[in-house]
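Descriptive analysis of the structure
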Amino acid sequence: MRDKELYQKILCIDSPWLVKEVTLESKSNTIEVEICRDDKESVNCPKCNKVCPRYDEVERRWRHLDTCQYQTILKSRVPRVKCIKHKVQQVSVPWAEKNSRLTLLFESLIIDWLKEASISAVSKQLKLSWKQVDGVLQRAVTRGLARRAKQTPKRLGIDETSFQKRHEYVTVITDMVAGTVIDVIDDRKKIPLEKSLKKLGKEALSRIDCVAMDIHKPYISAVKNVVPDAGAKIAFDKFHVIAHLTKAVNKIRKEEHDALMEEGDESLKGSRFLWITGKENLRSEQESELKKIKSIAVKTSEAWMFKEYARGLWSFPAKQYALRAWKKWYSEASQSELTPIKKAAEMINNHLQGILIAITKNATNAKGESMNNKIQHLKKIAYGFRNRRRFKNAIFFHCGGLDLYPKAMNLIENPL
Ligand SMILES: [Zn+2]
């Protein structure tokens, strides 16, 4: 088989397109494949598909999958047509999307790589610019969102995540059953959340059975405003409730550590992890270390006990038992002399209804938690996103469950 025929075959190029020339540039390690279009064949407007008169031709180049160690470039003089309705338009080519300088197969390969590595790593690996790889990611998300079916979540998760600087946030709305992100909105305020939820439509909103979230007023009022019977559906899940208590423990640990340090006692140095981690997740040597410092850090130890006690209150199948256990916890925590614990206990007691809903509906938000971990990982590998839109799109790319790949042509069905 000759080189032209070979490339014609492996590129799955069919009439009216034809491989005209294949050139090997050994100096630059490049193979150039020139493709032409049969002049005798009619040309169509890419928008309305009407046969139109030719206008002119433009030279285009696309990066394709490498042939062994050779970078492979497709080039072609692509006809432009003059459509009465759509004016001058470039005809579509079967190997690339409009305006892209990469073939569909190469773009698919980049998407595969992006699922595993950062934009910088992919651009280095494939010898592309950061901008080109970023362009593929942005296009993939736009394509995926346009193709996405109407969302009808049974269980929603609403979660905040910080972005770039410590006090900038986005709110991530998740379908907790599918484990996919439905929307990512700015800040953690009421109005944007309301607007986003309304996009689901009245019928979908009425079918929602449970909304798991943090005890955060703007979220609560937004959901109450748009989800019918929200009072019986809002669930404050374990992850978020315990996070408030962990924060309180950490505050007390810091204060106690400072006080001990003034006396020259470094016992609490580097102990943060031991206090904030669930006790069943500690290794045996960490457990022994915690046991040792508990007798020194009396206040932190008491706060830790309330946190761990609350962590054990999520396994009641019946509402009345759960209620009784939480009331007992509250009565003890509210009598403590530790202000951060008392404050957290007060807040928990005021929102007990939502905690009981989380327990009885088993709104564990495990998928939300793993989503959160995934998002934290994204932040780490990206070393800071250049702007909020990119951060949002990275979340959609990795957690949106979207169909990201370009298609509409025979190359995908018959890959190399
Ligand atoms: Zn047209």
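Above this text sits the structure in question.
Here's a quick rundown of the structure. (Residues numbered from 1 in each chain as written. Predicted model: local features only at pLDDT ≥ 70, side-chain atom pairs only at ≥ 80, totals over all residues. Heavy atoms only, no water.)

1. Thoughts on the nonpolar core
Test applied: Nonpolar cores are built from buried Ala, Val, Leu, Ile, Met, Phe, Trp, Tyr and Cys residues. Side-chain atoms within 4.5 Å join them into one set. In this scheme, a residue with accessible area under 20% of its type's maximum is buried, one over 50% is exposed, and one in between is partly exposed, where area comes from a 1.4 Å probe on protein chains only. We count a stretch as a helix when DSSP gives it H or I for four or more residues in a row; a strand needs E for two or more, and each element gets its number in order from the N terminus. Domain limits in this description derive from either an automatic procedure or a database domain assignment. Every residue pair with non-hydrogen atoms within 4.5 Å of one another is taken to be in contact.
Core analysis: the largest hydrophobic core is formed by 63 residues, its most contacted members being Leu197, Met213, Val223, Trp326, Trp329, Ile341 and Ile355. With 7 residues, the single largest contributor to this core is helix α8 (residues 238–262). Shared between two domains, this core takes at least three residues from each, and those domains are domain 3 (155–237 + 364–384) and domain 4 (238–360). Contacts of Val223, omitting those with residues within four sequence positions, involve Ile158, Leu197, Val211, Met213, Ala230 and Ile234.

2. As for helix α10 (residues 284–294)
Condition: In this description, the arc belongs to the directions extending from the helix axis to the C-beta atoms.
Turning to α10, its buried residues number three or more, namely Gln286, Leu290 and Ile293. One side of α10 carries all its buried residues, which in axial view fall inside an arc of 70 degrees. Residues of α10 that are exposed and point more than 90 degrees away from the buried face comprise Ser284, Lys291 and Lys292. Where α10 is buried, its residues touch α9 (272–276) and α11 (298–311).

3. A closer look at the pairing of strand β2 (residues 30–37)
To keep it simple, the criterion reads: Strands pair, by our definition, only if DSSP identifies at least two bridges between them.
Burial of β2 is extensive: 6 of the 8 residues sit out of reach of the surface. In this structure, strand β1 (residues 17–25) lies alongside β2, joined through 8 bridges in antiparallel fashion. Of the residues in β2, the one forming a bridge with Val19 is Ile35. A loop of 4 residues connects β1 with β2, the two strands running antiparallel in sequence, and Asn29 in this loop sits at a positive phi of about 55 degrees. Note: β2 against strand β6 (residues 70–83), 6 bridges, orientation parallel.

4. Side note on the packing of helix α4 (residues 130–147) against helix α16 (residues 388–399)
The cut-off we apply is this: The axes are straight lines fitted to the C-alpha atoms, using for helices just the contacting stretch, and the angles between their N-to-C directions are given from 0 to 180°. Any angle that is under 35 degrees is reported as roughly parallel, and any over 145 degrees as roughly antiparallel; angles of 65 to 115 degrees are reported as roughly perpendicular and all others as oblique. Two helices cross in a left-handed way if the nearer one is turned anticlockwise from the farther one by less than a right angle. They cross in a right-handed way if the turn is clockwise. Three residue categories are used. Nonpolar comprises Ala, Val, Leu, Ile, Met, Phe, Trp, Tyr, Cys and Pro, charged comprises Asp, Glu, Lys and Arg, and polar comprises the others, including Gly.
The geometry of α4 relative to α16 is characterised by a closest axis approach of 10 Å and an angle of 60 degrees between their N-to-C directions. Classified by the interaxial angle, the pair formed by α4 and α16 is oblique. Where α4 crosses over α16, the two elements pack in a sense that is left-handed. When α4 is examined against α16, the residues Trp130, Asp134, Leu137, Gln138, Ala140, Val141 and Leu145 are found in contact with a partner set consisting of Arg389, Arg390, Asn393, Phe396 and Phe397. Of the residues assigned to the contact of α4 with α16, the class counts are 7 nonpolar, 2 polar and 3 charged.

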